[in-house]
Amino acid sequence: MNSKKSIWLTMVAIIAFSGTIAAQDISTFLKGQPLPPPRATPAAWLLELNKADSLIDMGISVAAFLPNTRLDWHHHPGGQVLIFTDGTGYYQERGKAKQIVRKGDVIKCLPGVQHWHGASIESGVTYIAASPAKKGPTVWLEKVTDEQYTSAAK
């Protein structure tokens, strides 16, 4: 009887363990690829849902940021729309006050307007980004300073 229980418990453990591994693989896949520093500090992931092509000139991606993670200053020649789906983050345009963004917020980044966005200090953030590609890729600029990142938001 003990050997039957032992075999049964071993089988249950194997099944449970393999399910955990599969769930971790799916979770990692859904995060996408890590965004390498220096663009996102300390950690963010990007999953490209639609690569712009000759039929549909719109790149669509999901970005997920750990708390205290931000992108560098940048701009999009064709503009960009950000749809925040989880967490709390920040968005700031050059020369304007930093804004707090939350799940459900939509930000329109106008073409050529320099800005940065990322997670808040205490919360991660996830958003869907849609960018027309015909006018060119994202133009990356300098790092967001600690002072800019930690400044008061409206």
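Residues numbered from 1 in each chain as written. Predicted model: local features only at pLDDT ≥ 70, side-chain atom pairs only at ≥ 80, totals over all residues. Heavy atoms only, no water.

Colleague: Which residues make up the overall build of the protein chain, and what values go with them?
Modeller: Along the backbone of the protein chain there are two helices and 12 strands. Along the protein chain, helices and strands appear, N-terminal first, in the series α-β-β-β-β-β-β-β-β-β-β-β-β-α. A separation threshold of at least 6 residues defines the contact pool for the protein chain, and within that pool the share at least 24 residues apart is 69%. A total of about 9,500 Å² of accessible surface is found on the protein chain, and carbon and sulfur atoms cover 64% of it. (Helix = DSSP H or I, 4+ residues; strand = E, 2+ residues; numbered from the N terminus. Contact = heavy atoms within 4.5 Å. Areas by Shrake-Rupley, 256 points an atom, 1.4 Å probe, with all protein chains shown as cover.)

Colleague: An account of unusual backbone geometry is requested, with residue identities and associated values reported.
Modeller: Non-glycine residue Asn68 carries a positive phi angle of around 70°. The partly exposed category is assigned to Asn68, whose relative accessible area is 35%. (Buried < 20%, exposed > 50% of the residue type's maximum accessible area, 1.4 Å probe, protein only.)

Colleague: Can you lay out the nonpolar core for me, pointing to particular residues and giving the numbers?
Modeller: Core analysis: the largest hydrophobic core is formed by 15 residues, its most contacted members being Phe65, Leu82, Phe84, Tyr91, Ile107 and Tyr127. Residues contacting Phe84, with those up to four places away along its chain left out, are Val101, Arg102, Lys103, Gly104, Asp105, Ile107, Val125, Thr126 and Tyr127. Counting residues in each nonpolar core, the second largest holds five residues, with Trp73, Trp116, Val144 and Tyr149 among its members. (Core = buried A, V, L, I, M, F, W, Y, C linked by side-chain atoms within 4.5 Å.)

Colleague: Describe the pairing of strand β9 (residues 106-109), and please don't skip the residues or the numbers.
Modeller: Side chains Ile107 and Cys109 of β9 all project onto a buried face; the interleaved residues Val106 and Lys108 project onto a face where none is buried. One ladder, built from four bridges, connects strand β7 (residues 80-93) with β9; its direction is antiparallel. Counterpart to Leu82 in the pairing with β9 is Ile107. (Pairing = 2+ DSSP bridges.)

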